[in-house]
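If you want the building blocks of each chain, they are given just below.
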Amino acid sequence: MEALVCRKLGDPTIPISQNSAITVSTVQPIPELNSPTSIRVRVKSTSLNYANYLQILGKYQEKFSLPFIPGSDFSGVVDSVGNEVRKFKIGDRVCSFISLGSFAQFIVCDQNDLFLVPDGCDLVSAGALPVAFGTSHVGLVHRAQLSPGQVLLVLGAAGGVGLAAVQIGKVCGAIVIAVARGAEKVESLKSLGVEHVVDLTNGSVIESVKKFLKVRKLKGVDVLYDPVGGKLTKESMKLLNWGAHILVIGFASGEVPVIPANIALVKNWTIHGLYWGSYKMHRPHVLEESLKELLSWLARGLISIKVSHIYSLSEANLAFSAIKDRKVIGKVMIAFDDHKTVKSKL
């Protein structure tokens, strides 16, 4: 089968060659079923996440033995089933996530790790859902317990997890403030019904948000969703209410922020570190219920998935470049087979 293989750590945006960090292998063995309840999936689409970029650079919190096939969330069609499989049949459309290995034409999973894609959901959208929307859903619904009327501030709001957080915030009935950079990203966020969008090219977060809060007669921000870190986190903390929740999602800025414990004490802040992938080991039922609810929302049209770019496996370096250069509004996908058979209506 065809697969993207990381043979050495390095920059995945460099054109693919024999000497690049990532190479396309056409001779990877197709994985065999490894238990009576295992299922082989023919992958139709797989999502690129910022974590995948960091993994190949060797800067992710988990380290992997070389060589490895990157990739986490995916969608596809059941290709083969073990003799004790009862939940799925050949031809079913499914999606899921794994720690490694989705940048390949075939994946083997246990039946309990797969989710049926509802009718009305295309496979590209389903393949983009688990990590980005799963992270935002667990963070906002399970951890911060976002409730109607609360003020949610989303940093990096035009990225994969950011757009997911914005939409989940709207479903929860929150007042959503989104922070992004550039007119195109601002317009995309406004189209989602966001109450206020801060364009970082035109001013500071503090000034813009304070003006909005004053007009709406709101005291401050109740939940901060932060996949960015750095200076933006420091500024945003000045907008938080007493008893606010801070969701630490990631550090796309490259700088890990300092959250003063003395201020957190005085203002009774709750700080949530959220490593979504670790829930599979420690709280798997939370992930299962979260993804089931998200697929239901997707089927009912309560959320939608913005696919910014779709590439083939041989164009993976371009896909990583789009993420690195912040050209993305939503998700970047790799599609197998004919793009026309899996591509969403963008």
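Quick caveat: nothing in here was measured; it's all calculated off a predicted structure.

1. Notes on the side chain of serine 25
Logical step 1: Among the secondary structure elements, serine 25 is positioned in strand β2 (residues 22-25).
Logical step 2: For serine 25, the side chain forms a polar contact with the main-chain nitrogen of valine 27, separated by 3.3 Å.
Logical step 3: Among the polar contacts made by the side chain of serine 25, one reaches the side chain of glutamine 28 at a distance of 3.4 Å.
Logical step 4: With residues near it in sequence (within four places) discarded, serine 25 still touches Met1, Glu2, Ala3, Val5 and Arg7.

2. Description of helix α3 (residues 130-143)
Logical step 1: Burial analysis of α3 places eleven of its 14 residues in the buried class, the great majority of the element.
Logical step 2: Where α3 is concerned, the buried positions are Pro130, Val131, Ala132, Phe133, Gly134, Thr135, Ser136, His137, Val138, Gly139 and Leu140.
Logical step 3: Positive phi shows up at glutamine 145, right after α3, with a value of about 50°.

3. A closer look at the environment of valine 171
Logical step 1: Of note, valine 171 is situated in helix α4 (residues 160-171).
Logical step 2: Of the residues examined, valine 171 reaches a relative accessible area of 30% and is grouped as partly exposed.
Logical step 3: Separated by 81 residues in sequence, valine 171 and isoleucine 90 place their C-alpha atoms 34 Å apart.
Logical step 4: If we ignore the near neighbours within four places in the chain, the residues touching valine 171 are Trp297, Leu302 and Ile303.

4. So, empty space enclosed by the protein
Logical step 1: For the coordinates displayed, the defined rule picks out one cavity of 30 Å³ or more.
Logical step 2: For the largest cavity, the calculated volume is near 30 Å³.
Logical step 3: If you tally residues by element for the lining of the largest cavity, the top one is α4, at three residues.
Logical step 4: Classifying every residue of the lining of the largest cavity by side-chain character gives three nonpolar, four polar and two charged.

5. Focus on the packing of α3 against helix α10 (residues 284-300)
The packing of two helices is summarised by the inter-axis angle and the distance between the axes.
Logical step 1: The N-to-C vectors of α3 and α10 enclose an angle of 110°; their axes lie 10 Å apart at closest approach. Relative to α10, the element α3 lies roughly perpendicular. In this structure, α3 uses Pro130, Phe133, Gly134, His137, Val138 and His142 to contact α10, whose residues at the interface are Val286, Leu287, Ser290, Leu291, Glu293, Leu294 and Trp297.
Logical step 2: Of the residues that constitute the contact of α3 with α10, the class distribution is eight nonpolar, four polar and one charged.

6. Description of the pairing of strand β11 (residues 221-226)
Logical step 1: Counting buried positions along β11 yields six of six residues, so the element is predominantly enclosed.
Logical step 2: The pairing of strand β8 (residues 151-154) with β11 spans three bridges and is classified as parallel. Bridge pairing in β11 places leucine 152 opposite valine 223.
Logical step 3: What joins β11 to strand β12 (residues 240-248) is helix α7 (residues 230-236), and the crossover it makes is right-handed.

7. Let's talk about the packing of aromatic side chains
Logical step 1: Under the definition given, this model contains five aromatic pairs.
Logical step 2: Measuring from centroid to centroid gives 5.6 Å for tyrosine 50 and tyrosine 53, while their planes differ by 45°, and the two rings are tilted. With tyrosine 50 and tyrosine 53 both in helix α1 (residues 50-57), this residue pair falls three residues apart, about one helical turn.
Logical step 3: Of the residues examined, tyrosine 50 reaches a relative accessible area of 33% and is grouped as partly exposed.
Logical step 4: Residue tyrosine 53 is classed as buried on the basis of its relative accessible area of 8%.
Logical step 5: Relative to tyrosine 275, the ring of tyrosine 60 has its centre 6.4 Å away and its plane inclined at 75°; by these criteria the two rings are edge-to-face. Separated by 215 residues along the polypeptide, tyrosine 60 in the loop between α1 and β4 (73-81) and tyrosine 275 in the loop between β13 (270-273) and α9 (279-282) bring together distant segments of the chain.
Logical step 6: In this structure tyrosine 60 comes out as buried when scored by relative accessible area, which is 12%.

Parameters at a glance
Residues numbered from 1 in each chain as written. Predicted model: local features only at pLDDT ≥ 70, side-chain atom pairs only at ≥ 80, totals over all residues. Heavy atoms only, no water. Helix = DSSP H or I, 4+ residues; strand = E, 2+ residues; numbered from the N terminus. Polar contact = N/O pair within 3.5 Å; in protein donor to acceptor, adjacent residues only side chain to side chain. Contact = heavy atoms within 4.5 Å. Buried < 20%, exposed > 50% of the residue type's maximum accessible area, 1.4 Å probe, protein only. 1 Å grid on protein atoms, 1.4 Å probe; cavity = no way out; pocket = protein on both sides within 12 Å on 5 of 7 lines; lining within 4 Å. Points joined across faces, edges and corners; volume = space filled by probe spheres on them. Nonpolar A, V, L, I, M, F, W, Y, C, P; charged D, E, K, R; others polar. Axes fitted to C-alpha atoms, helices over the stretch in contact; angles between N-to-C directions. Parallel < 35°, antiparallel > 145°, perpendicular 65-115°, else oblique. Pairing = 2+ DSSP bridges. Right-handed = clockwise from strand over helix to strand, strands pointing away. Phe/Tyr/Trp six-rings, centres within 6.5 Å; stacked < 30°, edge-to-face > 60°.

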